[in-house]
Amino acid sequence: MSCLLIIDVQNDFMQGGSLQVSDSMDILKPINTLRKQHNNLFDLIVLSQDWHPFNHMSFASNHANKKVFDTINLNGSNQILWPNHCVQESFGSEIHKGLHREKSDIIIKKGTNPTIDSYSAFMDNDKKHKTELESILKKNNITTVYICGLATDYCVYYSCLDAASLGFKTYFLQDASKGVSKDTTAKAIENMIKYNIKHLKLTLIFCFWLEPILINREYSTTSTPFLYPIENKPFQKWIDLFNKETKHVEDKLDKAIDDLNSVTDREIRP
Ligand SMILES: [Zn+2]
């Protein structure tokens, strides 16, 4: 059983928000498309929501003589100081209206303890207090978790690490996520690859003109990256070709898009 875990797609992290992530609006289409076109992939959809009290210690405004993006020592670990964001019941804390939602979606609130931050949707940064996410997944017999949202280098990253370490087969949906900064985003992805975290996969979603396909990009420290489709349908022959003939993943993807754009509707349809 599989779960789609959508991290923190909230007004404050979207365009115009107090802690807006660059190009964050771009994730709405792939996530919404995934839900509509690949609904059968997911048995459960969970949305996480950063949900801070106004006196939260991750806010620069709650520390004298500190400014946004300073790092402090908070209870023995490094804490980046953020602008005020996702304050409980505020507009900024609401899930963005552009995100497709269903009544059956489950919401997990995190970061509610004013003394500790919670990047992961599973637990606080000190790992002492868990949210109800793990028990909800287990209760629903979920074994595979697809994770996307904001931001790749913080809440998505730590949610991926925790999901994998808790034993869930974990897919990071790269094209349905955006990071706060280029450097930390690259580092987060590099770390996920470098440590060869068990079960952790990087996945790309392509929304082609005909229908979206989901392609996994699997990395290992010991072998060449390769592609394989979750749902391939009429595109199998191109995917096979790229796996066989092209060495670099990015080249394969560019070529795939070019080729798919150059064939006619009739040629593709089975
Ligand atoms: Zn926060």
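Shown above is the structure to which this text applies.
Residues numbered from 1 in each chain as written. Predicted model: local features only at pLDDT ≥ 70, side-chain atom pairs only at ≥ 80, totals over all residues.

Trainee: Which parts of the structure should I look at to understand the overall build of the protein?
Mentor: Regarding its fold elements, the protein presents 7 helices and 10 strands. Of all 270 residues assigned to the protein, the portion counted as buried reaches 36%. Within the protein, contacts between residues separated by at least 24 positions form 65% of all contacts whose residues are at least 6 apart in sequence. (Helix = DSSP H or I, 4+ residues; strand = E, 2+ residues; numbered from the N terminus. Buried ≥ 20, exposed ≤ 12 C-beta atoms within 10 Å, placed from the backbone. Contact = placed C-beta atoms within 7 Å.)

Trainee: Any chance you could explain the nonpolar core here in plain terms?
Mentor: Counting residues in each nonpolar core, the largest one holds 48 residues, and the members touching the most others are Leu5, Ile7, Val145, Ile147, Cys148, Val156 and Cys160. When contributions to this core are tallied by element, the ones reaching two or more residues are strand 1 (2–7), helix 1 (28–37), strand 2 (44–50), helix 2 (133–139), strand 6 (144–150), helix 3 (152–165), strand 7 (169–178) and helix 4 (182–194). Top element by residues in this core is helix 3. It accounts for 9 residues. (Core = buried A, V, L, I, M, F, W, Y, C linked by C-beta atoms within 7 Å.)

Trainee: What should I look at first to understand unusual backbone geometry in this one?
Mentor: Most of the time, phi is negative for any residue but glycine, and the peptide bond is trans. With an omega dihedral of -10 degrees, the bond running from Leu150 to Ala151 counts as a cis peptide bond. Mapped onto the elements, Ala151 comes out in the loop between strand 6 and helix 3. For Asn65, which is not a glycine, the phi torsion comes out positive at approximately 60 degrees. Within the secondary structure, Asn65 sits in the loop between strand 2 and strand 3 (71–74). A positive phi angle is found at Asn75, which is not glycine, with a value near 50 degrees. By secondary structure assignment, the location of Asn75 is in the loop between strand 3 and strand 4 (77–80). With 11 C-beta atoms counted inside 10 Å, the residue Asn75 sits in the exposed group.

Trainee: How should I be thinking about the pairing of strand 3 in this particular structure?
Mentor: In the case of a regular strand, side chains alternate between the two sheet surfaces. As judged from the 4 bridges shared by strand 3 and strand 4, these two strands associate in the antiparallel manner. The residue of strand 4 that forms the bridge with Leu74 is Ser77. Hairpin connection of strand 3 to strand 4: 2 residues between the antiparallel strands, including Asn75 at a positive phi of 50 degrees. (Pairing = 2+ DSSP bridges.)

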